[in-house]
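Here is how the chains run, residue by residue.
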Amino acid sequence: MEEKEISQAVIGRLPRYFRYLGELKDQGIERVSSQELSDIMKVTASQIRQDLNNFGGFGQQGYGYNVEYLFQEIGKILGLDQNHNLIIIGAGNLGQALVNYGNFERRGFLFKGVFDSNPRLHGKRIRDKTVQPMENIKGFVQANDIDIAVLTIPKTEAEKVAEELVGYGIKGIWNFAHVDLNVPEEVQVENVHLSDSLMKLAYNISRSRKEGDGA
């Protein structure tokens, strides 16, 4: 049976469901209705039901959703029921901040190594990791079953590095470089453009001000 194609919009909401359900679980709440989720997430109850029906529904009429069960099932859909081994390429401020952010490990994202082309950074300790030279990447990826590479490097270097990573067998790239990477279809890329998010925030502030001024 062919797997159902799920829209990127639905996939984009799954981490929010997972996060809010985790908060409800931590509060000891055992069940939640689509309307209660709607109030928390600011997504319509109808949209929530449609989203979850893509994966089987999970709810019972008159009962709602079992928080623990739905939390676990969405975690499985997101691939969080297994660990993912990562490396970071780029040991600057952003790369160091990502390594030091311990919440990733709680979700099964394990940073195994940090690499940089700058010789002055080689040997530097970041948390419990030592920054290594770029030439060590290939052997490290293969020896440590690395499936995700995180790029926090200038866009001028990102294309070449991404091409090399594909050759080493990397399955996914979390790309903070401001460039669209040209990689084979089977390699998944998630682009993170921090300035885009900030500009979106600026737009919404500007629009809110205009509405407040009655423009």
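Scope of this entry: the structure provided in the associated data block. Predicted model only: the values in this text are computed from it and were never measured.

**Structural notes on the overall build of the protein**
Tallying secondary structure elements over the protein gives nine helices and nine strands in all. Projected onto the principal axes, the alpha-carbon positions of the protein cover approximately 60 × 50 × 35 Å. Across the protein, the fraction of contacts at a sequence separation of at least 24, relative to all contacts at a separation of at least 6, is 55%. Within the protein, one finds 25 positive and 29 negative side-chain charges whose respective centroids are separated by 6 Å.

**Concerning the environment of Arg19**
Here Arg19 lies in helix 1 (residues 8-26). With 165 residues separating them in the primary sequence, Arg19 and Pro184 have C-alpha atoms 31 Å apart.

**Looking at unusual backbone geometry**
Its identity as a non-glycine residue notwithstanding, Lys42 has a phi of 60 degrees, on the positive side. The residue Lys42 is located in the loop between helix 2 (34-41) and helix 3 (45-53) in this model. Of note, Arg127 is a non-glycine position whose phi angle comes to about 55 degrees, a positive value. On the secondary structure map, Arg127 appears in the loop between strand 5 (125-126) and strand 6 (129-133).

**What to know about the nonpolar core**
By size, the foremost hydrophobic cluster in this structure holds 21 residues, and its most contacted members are Ile87, Ile89, Leu151, Leu165, Ile173 and Leu181. Of all the elements in the fold, those that place two or more residues in this core are strand 3 (84-89), helix 7 (137-143), strand 7 (148-151) and helix 8 (155-168). A per-element tally of this core places helix 8 first, with four residues. Setting aside residues no more than four positions away along its own chain, Ile173 makes contact with Ala149, Leu151, Ala162, Leu181, Val183, Val187, Gln188, Val189 and Glu190. Ranked by size, the runner-up nonpolar core spans 18 residues in total, among them Met41, Ile48, Leu52 and Phe58.

**So, the layout of surface pockets**
There is about 1400 Å³ of room inside the largest pocket. Pro15, Leu78, Leu80, Phe109 and Glu190 are, among the 27 residues lining the largest pocket, the residues nearest its centre. Residue contributions to the lining of the largest pocket peak at seven residues, all from helix 1. Across the lining of the largest pocket, the residue classes tally to 14 nonpolar, seven polar and six charged.

**A few points about helix 8**
When the terminal C-alpha atoms of helix 8 are compared, their 20 Å separation across 14 residues agrees well with the 20 Å that a helix rising 1.5 Å per residue should span. Those residues of helix 8 not exposed but buried are Ala158, Val161, Ala162 and Leu165. Packed against the buried residues of helix 8 are strand 3, helix 7, strand 7 and strand 8 (172-175). Within two residues after helix 8, Gly169 carries a phi angle of roughly 100 degrees, on the positive side.

**Describing the pairing of strand 8**
Sheet topology places strand 7 next to strand 8; four bridges connect them, and they run parallel. Directly across from Ile148, in strand 8, lies its bridge partner Gly172. In the classification by handedness, the crossover that spans strand 7, the intervening helix 8 and the parallel strand 8 is right-handed. Examined bridge by bridge, strand 8 and strand 9 (residues 188-191) share four bridges and lie parallel to one another. Across the sheet, Asn175 pairs through a bridge with Asn191, a residue of strand 9.

Cut-offs used in this document
- Residues numbered from 1 in each chain as written.
- Predicted model: local features only at pLDDT ≥ 70, side-chain atom pairs only at ≥ 80, totals over all residues.
- Heavy atoms only, no water.
- Helix = DSSP H or I, 4+ residues; strand = E, 2+ residues; numbered from the N terminus.
- Contact = heavy atoms within 4.5 Å.
- Lys, Arg positive; Asp, Glu negative; His and termini not counted.
- Charge placed at Lys NZ, Arg CZ, Asp CG, Glu CD.
- Core = buried A, V, L, I, M, F, W, Y, C linked by side-chain atoms within 4.5 Å.
- Buried < 20%, exposed > 50% of the residue type's maximum accessible area, 1.4 Å probe, protein only.
- 1 Å grid on protein atoms, 1.4 Å probe; cavity = no way out; pocket = protein on both sides within 12 Å on 5 of 7 lines; lining within 4 Å.
- Points joined across faces, edges and corners; volume = space filled by probe spheres on them.
- Nonpolar A, V, L, I, M, F, W, Y, C, P; charged D, E, K, R; others polar.
- Expected span 1.5 Å × (residues − 1).
- Pairing = 2+ DSSP bridges.
- Right-handed = clockwise from strand over helix to strand, strands pointing away.

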